[in-house]
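Summary of structural features
Listed below are the residues making up each chain.
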Amino acid sequence: MTKQDFINLGGKEWNNHGKERVYITAAIYKEHFHAASALSDKSNKFFYDCQAKALMRSYKGKKPTVEFQY
């Protein structure tokens with residue numbers, strides 16, 4: 001998947017200090033990536049990192065981990 005694919009799913013583009021990401025909600029993540037229903041936006045941040053070409057998840061502000069590599 002590409003940056004545009006995540007935007008088309010309803011993601012929000014974010015650029016800051018050379019970092020380029022597209023954030024998606026937990027609902028989008030669950031619907032399109034068949035995730036566990038216990039995931040929420042309260043404790044998780046989901047984003048596509050354009051440089052790493054990976055969908056990543058950060059849990060409670062911790063270091064993001066790769067969920068899917070493209």
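Relevant structure appears above.
An account of the accompanying structure is given in this report. (Residues numbered from 1 in each chain as written. Predicted model: local features only at pLDDT ≥ 70, side-chain atom pairs only at ≥ 80, totals over all residues. Heavy atoms only, no water.)

With the rule as written, the count across this model stands at three salt bridges. Residue Lys3 pairs with Glu13 through a salt bridge whose shortest N-O separation is 2.6 Å. Here the residue Lys3 occupies a position in helix α1 (residues 3-8), and Glu13 occupies one in strand β1 (residues 12-16), the gap between them amounting to ten residues. Given the relative accessible area of 44%, Glu13 is considered partly exposed. Taking relative accessible area as the criterion, Lys3 reaches 22% and is therefore assigned partly exposed. (Salt bridge = Lys/Arg side-chain N within 4 Å of Asp/Glu carboxyl O. Helix = DSSP H or I, 4+ residues; strand = E, 2+ residues; numbered from the N terminus. Buried < 20%, exposed > 50% of the residue type's maximum accessible area, 1.4 Å probe, protein only.)

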